[in-house]
Amino acid sequence: VFPVKKACRKLGSVNWMLHNNVHLRTSDWYNNPFSSRTWGSVPELWAQYASGFLSGALIPHGEHRPLCLIVRSEDILRNPRVIVEELTRLGLPRNGNPFEVIKDSLP
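As a convention, each chain's residues are numbered from 1 in the sequence order in which they are written. A pLDDT threshold of at least 70 governs which residues receive local features in this predicted model, and a stricter bar of 80 or more applies before side-chain atom pairs are shown or counted, although totals over entire chains, interfaces and linings include all residues. Neither water nor hydrogens contribute to the side-chain values; these are computed over all heavy atoms in the structure.

Description of the overall build of the chain
Now for step 1: Numbering of helices and strands runs from the N terminus; a helix is a DSSP stretch of H or I covering at least four residues, while a strand is a stretch of E covering at least two. Each helix and strand in the chain was counted, giving four helices and two strands.
Now for step 2: Counting from the amino terminus, helix and strand elements in the chain follow one another as β-α-β-α-α-α.
Now for step 3: When accessible area is computed with a 1.4 Å probe and restricted to protein chains, residues below 20% of their type maximum are described as buried, those above 50% as exposed, and intermediate ones as partly exposed. The buried share among the 107 residues of the chain stands at 16%.
Now for step 4: When contacts within the chain are restricted to residue pairs at least 6 apart in sequence, long-range pairs at least 24 apart make up 14% of them.
Now for step 5: Accessible surface for the chain amounts to roughly 9,200 Å². Of this, 57% is attributable to carbon and sulfur atoms. Residue contacts are defined here by distance: any two heavy atoms, one from each residue, within 4.5 Å place the two residues in contact. For the accessible areas, the method is Shrake-Rupley and the probe is 1.4 Å, while residue cover comes only from the protein chains on display.

Structure, rendered in structure tokens:
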């Protein structure tokens with residue numbers, strides 16, 4: 001989350017989050033459906049996110065809505081095979097590799 005105007009953010013201050021328009025910037029490899037959207041403040045952005053999460057509608061009514069599924073991180077950690085199988089059953093495309101649980105993280 002960044003201020004729309006490229007202003008200096010004072011170290012230790014959150015005023016820029018409360019009193020400035022903000023936008024959501026992501027990595028180039030991520031398809032951000034909100035790339036041209038701004039919010040009046042970080043709390044306004046958070047309120048939309050929380051509302052969408054709780055209602056299952058991550059994008060406001062009237063806008064193009066891609067298929068979105070939210071998977072809790074604890075479910076992925078505890079039952080990765082079940083989660084991948086269910087996502088596949090729901091139509092999430094998979095590569096041809098058989099599923100294998102990763103037991104060790106990257107160094």
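Description of helix 4 (residues 80-89)
Think of an α-helix as turning once every 3.6 residues; residues three or four places apart then point the same way.
Now for step 1: Where helix 4 is concerned, the buried positions are P80, I83 and L87. Around the axis of helix 4, the buried residues are gathered within 65° of arc, so they sit on the same side. Helix 4 presents V82 and R89 as exposed residues on the side facing more than 90 degrees away from its buried surface.
Now for step 2: Those residues of helix 4 that are buried lie in contact with helix 3 (73-78).
Now for step 3: Looking one or two places after helix 4, you find G91, whose phi comes out positive at around 110°. Each C-beta atom gives one direction from the helix axis, and the arc is the one those directions make.

A closer look at helix 2 (residues 42-55)
Now for step 1: Taking 1.5 Å per residue as the helical rise, helix 2 with its 14 residues ought to reach 20 Å, and the 20 Å between its terminal C-alpha atoms agrees with that figure.
Now for step 2: Those residues of helix 2 lying buried are V42, L45, Q48 and G52. Looking down the long axis of helix 2, one finds its buried residues gathered within 130° of arc, a one-sided arrangement. Along helix 2, exposed side chains directed more than 90 degrees from the buried face belong to W46, L54 and S55. By this rule, a helix spans an expected 1.5 Å times one less than how many residues it contains.

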